[in-house]
Amino acid sequence: MTEQTMTGQAQDAVEERLVENVLRSFDDCTDPRLKQVMTSLVHHLHGFIRDVRLTEQEWNTAIGFLTEVGHITDDRRQEFILLSDVLGASMQTINVNNPAYEDATEATVFGPFFVDDAPRIENGGDGSGGAAGQPCWVEGTVRDTAGTPIPGARLEIWEADEDGFYDVQYDDARVGGRAHLYSDDDGNYRFWALTPTPYPIPHDGPVGRMLTATGRSPMRASHLHFMVTAPGMRTLVTHIFVSGDELLGSDTVFGVKESLIKDFVEQPSGTPTPDGRDVGDTTWARADFDIVLAPADV
Ligand SMILES: [Fe+2]
């Protein structure tokens, strides 16, 4: 046995003893779930530090990075969710918590741009709130996995405008590209929105710098967000994506699922709209999205 190997063994022992000491520090934790989470976190965190042989300079850089993520976060910008999203942690948490159930619609990332108290619209109303973009008619039915329509399901919808920005990214307190509505007595819903366009996640902060440093794009595939709630049903947070979008394979938050890719069919200008709305001398689009909710207790 060489001196180098012995030194390595001694070093390993020092590192492992520390891990054991930290794990033991949770022995008296009376909350079993908290204890499980904390001890697993310590196990993986120490495993990571030891695996990459983290330098002290790198540790300082990481602390500075997380501090900056905190400082740039406020009630309109959530850099921690962005960080979680681009690391795939948001999507993995969704996978863990939303196991496939029969033909229930698949979930995807929540993202950082949801806002409570979006305006109420009636079925057939305009959810764009005047935001710029191609008008898009979206309709479908909300059902359970037995095929029974669900009346009164609440649908929250939100999306970016044609320039790739959500209303909350502007400085003028505008509200647009977001609304909520309820499915009708037959479980059907319909509304006007905007044809989704690709956009970059906010990349002028620490998460953007990390993407640049690692050679990654900040672009998200075009999508329209939905959150659907109904009594007794699992809340569905999802998007629909635009078939043919070249970014479907490289969505920076890993949110794309095959079943959520929909045809947004462009209609030539002059095509009559489903509700007779006059959209002027412009093209418009339409998309169908039938929603299936899983029971809450599965
Ligand atoms: Fe989004």
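Just so it is clear, the structure is predicted and the values come from calculations on it, not from any experiment.

Engineer: Tell me what's going on with the nonpolar core, and back it up with residues and numbers.
Structural biologist: Core analysis: the biggest nonpolar cluster contains 40 residues, and Val142, Tyr189, Phe191, Phe226, Val228, Ile291 and Leu293 have the highest contact counts within it. When residues no more than four places from it in sequence are discounted, the contact partners of Ile291 are Thr105, Thr141, Val142, Arg143, Leu155, Tyr189, Phe226, Val228 and Leu236. In terms of nonpolar packing, the next biggest core, distinct from the first, is built from nine residues, Phe113, Tyr166, Met227 and Val237 among them.

Engineer: Account for the environment of Phe165, with residues named and values stated.
Structural biologist: Following the sequence through the fold, Phe165 ends up in the loop between β2 (154-158) and β3 (178-182). Distance from Phe165 to Gly177, taken between C-alpha atoms, is 9.6 Å for residues twelve residues apart in sequence.

Engineer: Kindly report on helix α5 (residues 89-97), identifying the contributing residues and their values.
Structural biologist: Of the residues making up α5, those classed as buried are Ser90, Met91 and Ile94. All buried residues of α5 lie within an arc of 95° about the axis, which places them on one face of the element. As for α5, its buried residues are in contact with α4 (79-86).

Engineer: Kindly report on the coordination of the iron ion, identifying the contributing residues and their values.
Structural biologist: Of the protein atoms, only Tyr166 (OH), Tyr199 (OH), His223 (NE2) and His225 (NE2) coordinate the iron ion, at distances of 1.9 to 2.1 Å. Within one chain, the residues donating to the iron ion are spaced in sequence as Y-x32-Y-x23-H-x1-H. Of the two residues, Tyr166 sits in the loop between β2 and β3 while His225 sits in strand β7 (residues 223-229), which places them 59 residues apart along the sequence. His225 carries the same exposure label as Tyr166, and that label is buried.

Engineer: A description of the side chain of Ser90 should follow, citing residues and the corresponding values.
Structural biologist: By the secondary structure assignment, Ser90 is in helix α5. Side-chain polar atoms of Ser90 contact the side chain of Asp85, separated by 2.4 Å. Non-local contacts of Ser90, meaning those with residues more than four positions away in its chain, are made with Ile81, Ser84, Asp85 and Val109.

Engineer: Account for the side chain of Thr273, naming residues and giving values.
Structural biologist: Assignment of secondary structure puts Thr273 in the loop between β10 (265-267) and β11 (284-288). Among the residues examined, Thr273 registers a relative accessible area of 11% and is labelled buried. Among all residues touching Thr273, those that are not within four sequence positions of it are Trp192, Val279 and Trp284.

Engineer: How would you explain the sheet that holds β3 if you had to name every residue and give the values?
Structural biologist: Strand order in the open sheet formed by five strands is β3-β2-β7-β8-β9, with mixed pairing between adjacent strands. Every other strand in the sheet has two partners, leaving β3 and β9 (261-262) as the edge strands with one partner each. As defined by bridge partners, β2 adjoins β7 across five bridges and the pair is classed as antiparallel. The residue bridging Trp158 from the neighbouring strand is His225, located in β7.

Engineer: Go over the packing of α4 against helix α6 (residues 206-213) with me, naming the residues and quoting the values.
Structural biologist: In the contact formed by α4 and α6, the axes pass within 9 Å of each other and the chain directions differ by 25°. The angle between α4 and α6 falls in the class roughly parallel. Along the contact surface, α4 presents Glu79, Leu82, Leu83 and Val86, while α6 presents Pro206, Val207, Gly208, Met210 and Leu211. Residue composition of the contact of α4 with α6, grouped by class: seven nonpolar, one polar and one charged.

Engineer: An account of the layout of surface pockets is needed here, citing residue identities and associated values.
Structural biologist: For the largest pocket, the calculated volume is near 410 Å³. Forming the boundary of the largest pocket are Leu45, Phe48, Ile49, Leu54, Glu58, Trp59, Thr61, Ala62, Ile63, Phe65, Leu66 and Arg209. Of all the secondary-structure elements, those providing two or more residues to the lining of the largest pocket are α2 (32-52) and α3 (56-72). The element best represented in the lining of the largest pocket is α3, accounting for seven residues. Looking at side-chain class alone, the lining of the largest pocket contains nine nonpolar, one polar and two charged residues. Each pocket or cavity is described by its volume, and for the second largest pocket that value is around 300 Å³.

Engineer: Account for the pattern of salt bridges, naming residues and giving values.
Structural biologist: Applying the stated criterion to the full structure yields 15 salt bridges. Put simply, Glu16 and Arg50 hold a salt bridge, and the shortest N to O gap is 3.6 Å. Placement of Glu16 in helix α1 (residues 3-24) and of Arg50 in helix α2 is noted, with a sequence separation of 34 residues between them. Judged by relative accessible area, Glu16 falls into the partly exposed class, the value being 38%. Residue Arg50 is classed as partly exposed on the basis of its relative accessible area of 25%. A cluster of three or more residues bridged by salt bridges with shared partners is formed by Asp12, Glu15, Glu16, Arg50 and Arg53.

Engineer: Give me the packing of α3 against α4: which residues, what numbers.
Structural biologist: Where α3 contacts α4, the axes come no closer than 8 Å and their chain directions differ by 130°. Relative to α4, the element α3 is oriented oblique. Within the contact between the two elements, α3 uses Phe65, Leu66, Val69, Gly70 and Ile72 and α4 uses Glu79, Phe80 and Leu83. For the contact of α3 with α4, the class distribution of residues is six nonpolar, one polar and one charged.

What counts as what
Residues numbered from 1 in each chain as written. Predicted model: local features only at pLDDT ≥ 70, side-chain atom pairs only at ≥ 80, totals over all residues. Heavy atoms only, no water. Core = buried A, V, L, I, M, F, W, Y, C linked by side-chain atoms within 4.5 Å. Buried < 20%, exposed > 50% of the residue type's maximum accessible area, 1.4 Å probe, protein only. Contact = heavy atoms within 4.5 Å. Helix = DSSP H or I, 4+ residues; strand = E, 2+ residues; numbered from the N terminus. Arc of directions from axis to C-beta. Donors = N, O, S within 2.8 Å, 3.2 Å for Na, K, Ca; no water. Polar contact = N/O pair within 3.5 Å; in protein donor to acceptor, adjacent residues only side chain to side chain. Pairing = 2+ DSSP bridges. Axes fitted to C-alpha atoms, helices over the stretch in contact; angles between N-to-C directions. Parallel < 35°, antiparallel > 145°, perpendicular 65-115°, else oblique. Nonpolar A, V, L, I, M, F, W, Y, C, P; charged D, E, K, R; others polar. 1 Å grid on protein atoms, 1.4 Å probe; cavity = no way out; pocket = protein on both sides within 12 Å on 5 of 7 lines; lining within 4 Å. Points joined across faces, edges and corners; volume = space filled by probe spheres on them. Salt bridge = Lys/Arg side-chain N within 4 Å of Asp/Glu carboxyl O.

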